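# Observations on the model geometry
Spelled out from the first residue to the last, the chains are:
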Amino acid sequence: DSSKELNILHTFTIVLIILIGLEHVGIMGLELLGSDRLIAKSFNLPLAEVERPHLRTALANQGLYNGFVALSLFLIIFIPGGTLLRGMAIGLLAGIFIIAAYGALTVAKRILWIQGAPALITMVLAMFFL
């Protein structure tokens, strides 16, 4: 049944949105609460740089950004379908992809795979199944 398949793909897309939200919660936790060594290793930064107060403040700011991205993703799943849900999901996921692409160009290429690729795949699914 075509309707049943569409419902499964809709649910799958929502689950991916939740997983991307959880990924951003994890990134937020790392940036706000991670030890200097863990942050240095995760972001491929020299430990001496991570220990600088200004960089830790910048990372905490970035952590808050990731927290608000996660909150936004979690909140949109409560929109009862239709154009608003689709538009909000596509907008947020496109923003995540653009930011990941910028991060890949300026910080580390793996950001595109860790954050950008899941957002892009989910955005395409959202275009068709939300």
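Our subject is the structure listed above.
This one's a predicted model, so the numbers in the text were calculated from it and none came from an experiment.

With that out of the way, let us pick up the overall build of the chain. Looking only at helices and strands, the chain features six helices and zero strands. Principal-axis analysis of the C-alpha atoms gives the chain an extent of 60 × 25 × 20 Å. For the chain, the proportion of its 130 residues judged to be buried stands at 32%. Taking as baseline every contact in the chain between residues at least 6 positions apart, the subset at least 24 positions apart corresponds to 63%. Accessible surface, the chain as shown: approximately 7900 Å² in total, 72% of it carbon and sulfur.

Summarising the element assignment, Gly87 is placed in helix H5 (residues 82–106). In sequence terms Gly87 and Leu130 are 43 residues apart; their C-alpha atoms lie 9.2 Å from each other.

Let us look at unusual backbone geometry. Phi angles above zero are rare outside glycine, and Asn44 is one such case at about 55 degrees. Structurally, the position occupied by Asn44 is in the loop between helix H2 (36–43) and helix H3 (47–50). Asn44 gets classed as exposed once you look at its relative accessible area, which sits at 66%.

Counting across every chain of the model gives one aromatic pair. For the pair Phe128 and Phe129, a centre-to-centre distance of 6.4 Å together with 55 degrees between the ring planes defines the contact as tilted. The exposure class assigned to Phe128 is exposed, which follows from its relative accessible area of 61%.

As enumerated under the stated definition, the model contains two salt bridges in all. The salt bridge involving Asp36 is made with Arg56; its shortest N-O contact spans 2.3 Å. One end of the pair, Asp36, is in helix H2; the other, Arg56, is in helix H4 (residues 53–76), and 20 residues separate them in sequence. With a shortest N-O distance of 2.9 Å, Arg52 and Glu49 are connected by a salt bridge. We classify Arg52 as partly exposed; its relative accessible area is 42%.

Criteria and cut-off values
- Residues numbered from 1 in each chain as written.
- Predicted model: local features only at pLDDT ≥ 70, side-chain atom pairs only at ≥ 80, totals over all residues.
- Heavy atoms only, no water.
- Helix = DSSP H or I, 4+ residues; strand = E, 2+ residues; numbered from the N terminus.
- Buried < 20%, exposed > 50% of the residue type's maximum accessible area, 1.4 Å probe, protein only.
- Contact = heavy atoms within 4.5 Å.
- Areas by Shrake-Rupley, 256 points an atom, 1.4 Å probe, with all protein chains shown as cover.
- Phe/Tyr/Trp six-rings, centres within 6.5 Å; stacked < 30°, edge-to-face > 60°.
- Salt bridge = Lys/Arg side-chain N within 4 Å of Asp/Glu carboxyl O.

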